[in-house]
Each structure stands twice: as structure tokens, then as C-alpha cells.
Amino acid sequence: MPYAVDFGTVSTTGLETSPVAGALAGLRANEARYFKNKYDHVFTVEPAADARSTVDWVHRILEEERGIVIASPPLEATAFQVENIRMAYVFYESGLSINVMYTVDDGGKRAVGFKLSDGMAVPEELSSFKFARQKSKLAGTIRGSYFVVKGEY
């Protein structure tokens, strides 16, 4: 069942099994607020089992670009397009959020971003990345990193 994320009232709906559910919900709400303010897009997620093609697309990019396999089970995912940018998000039980920003135009920006919820350790499979810190009213301290996508997906 799709769920429109309300950044006015942060809810752990769909994320209850995460040990950092509150922080992950804040991270998800932070993304929802960004897309509403920048693109007037309502950020809607669904259970990962119902968004298998999105999860598979993100996992394929991680595997083919960097040999990364995420150990934590995915809880929710979403995919949408704003302007000429295809976006995909996967939220994991560990508190990790992965997004793919894929500009549809040739030569456009394409990247994979990682965000760690407040209170979670850096997953072993991402230990080679350096994470910058960002403060958020909704999510506390967010640690983030990224890499540029070189292939075509």
C-alpha cells in the first residue's frame, strides 16, 4: 500500500522493524520535505516487496558500479521523475537510505547517495566511503556520502 510521507508529523509507519525507526522516519520525512519544497512533489513510498523493480534497479547499479551488496533488508522504496531527473530511494532496516539520481538526458548528472540515520553504525559494505555530517530538524544528524554513476542504466 503506497504511503505519502507527511513531513509535518513524522511517523514510523513501514519502518517499525528498524532499531533506529524514529531517526529513519525523520530521514524519510527530510527527503519528503525537500521534494515538496523544491519540486512540489509528494514523496510516496511503498513496501520494498511491492517495489521490487525499484529495489532491483538500485541494487544492480550498486553491484555493477562498485561491487556493493547491501546486507540489511530493504523496508520501503519509491521511484519517480522530477523534471528530467529519475529518482529512486530505498530505505533499509539498518537505518540506511540509498538514493539514485539519474538525469535522463545524455551527459547529465548521475549519482548514488547514501545517508545514515542518527544512531546507526556505518555498514561494513560502505566502510570505504567518507561521510559528511548535516544537521536536520527532522532527522537529527545525517551522515551522507555518494559516488558518480559512470554506466548506463
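Let me sum up the structure you'll find in this document.

How each quantity is defined
Chains are numbered independently. Their residues run from 1 in the order of the written sequence. This being a predicted model, a pLDDT of at least 70 is required before a residue's local features are given, and a value of 80 or more before pairs of side-chain atoms are given or counted; all residues contribute to the totals for chains, interfaces and linings. Working from all heavy atoms in the structure, the side-chain values ignore hydrogens and water. Numbered from the N terminus, helices here are DSSP runs of H or I no shorter than four residues, and strands are runs of E no shorter than two. A radius of gyration in this sense is built from C-alpha atoms; the matching globule rule multiplies 2.2 Å by the number of residues raised to 0.38. Using a 1.4 Å probe on the protein chains alone, a residue whose accessible area is under 20% of its type maximum counts as buried, one over 50% counts as exposed, and one in between counts as partly exposed. Only four residue types enter the charge count: Lys and Arg as positive, Asp and Glu as negative, with His and the chain ends excluded. Think of a salt bridge as a Lys or Arg side-chain nitrogen and an Asp or Glu carboxyl oxygen that are within 4 Å of each other. Any N or O atom pair separated by 3.5 Å or less is treated as a polar contact, with the protein-specific requirement of one donor-capable and one acceptor-capable atom, and with residues adjacent in sequence counted only for side-chain atom pairs. Note on definitions: a residue-residue contact is assigned when non-hydrogen atoms from the two residues lie within 4.5 Å. We call two strands paired when DSSP finds no fewer than two bridges between them.

A closer look at the overall build of the protein
- Summing up its helical and strand segments, the protein has 2 helices and 8 strands in all.
- Mapped in sequence order, the helices and strands of the protein form the string β-α-β-α-β-β-β-β-β-β.
- Scaling as 2.2 N^0.38, a compact globule of 153 residues should have a C-alpha radius of gyration of about 15 Å, and the protein matches this with 14 Å.
- Dimensions of the protein, computed from the C-alpha atoms along their principal axes, are close to 40 × 35 × 30 Å.
- The buried share of the protein, reckoned over its 153 residues, is 48%.

So, the side chain of Glu65
- Tracing the backbone through its elements, the reader meets Glu65 in helix H2 (residues 52-66).
- Among buried Asp, Glu, Lys and Arg side chains, Glu65 stands out as unpaired, with Arg66 the closest opposite charge at 5.7 Å.
- Separated by 2.8 Å, the side chain of Glu65 and the backbone nitrogen of Gly151 make a polar contact.
- At 2.9 Å, the side chain of Glu65 and the side chain of Tyr153 are in polar contact.
- Residues within four places of Glu65 in sequence aside, it is in contact with Phe147, Val148, Val149, Lys150, Gly151 and Tyr153.

Notes on the sheet that holds strand E5 (residues 96-103)
- Here 8 strands make up an open sheet; going across it, the order is E1-E2-E3-E4-E5-E6-E8-E7 and the pairing antiparallel. Because the sheet does not close on itself, it has two edges, and the strands there are strand E1 (3-4) and strand E7 (132-136).
- Bridge analysis of E7 against strand E8 (residues 140-148) gives 5 bridges, and the strand direction is antiparallel. Along E8, the bridge assignment pairs Ala132 with Gly144.

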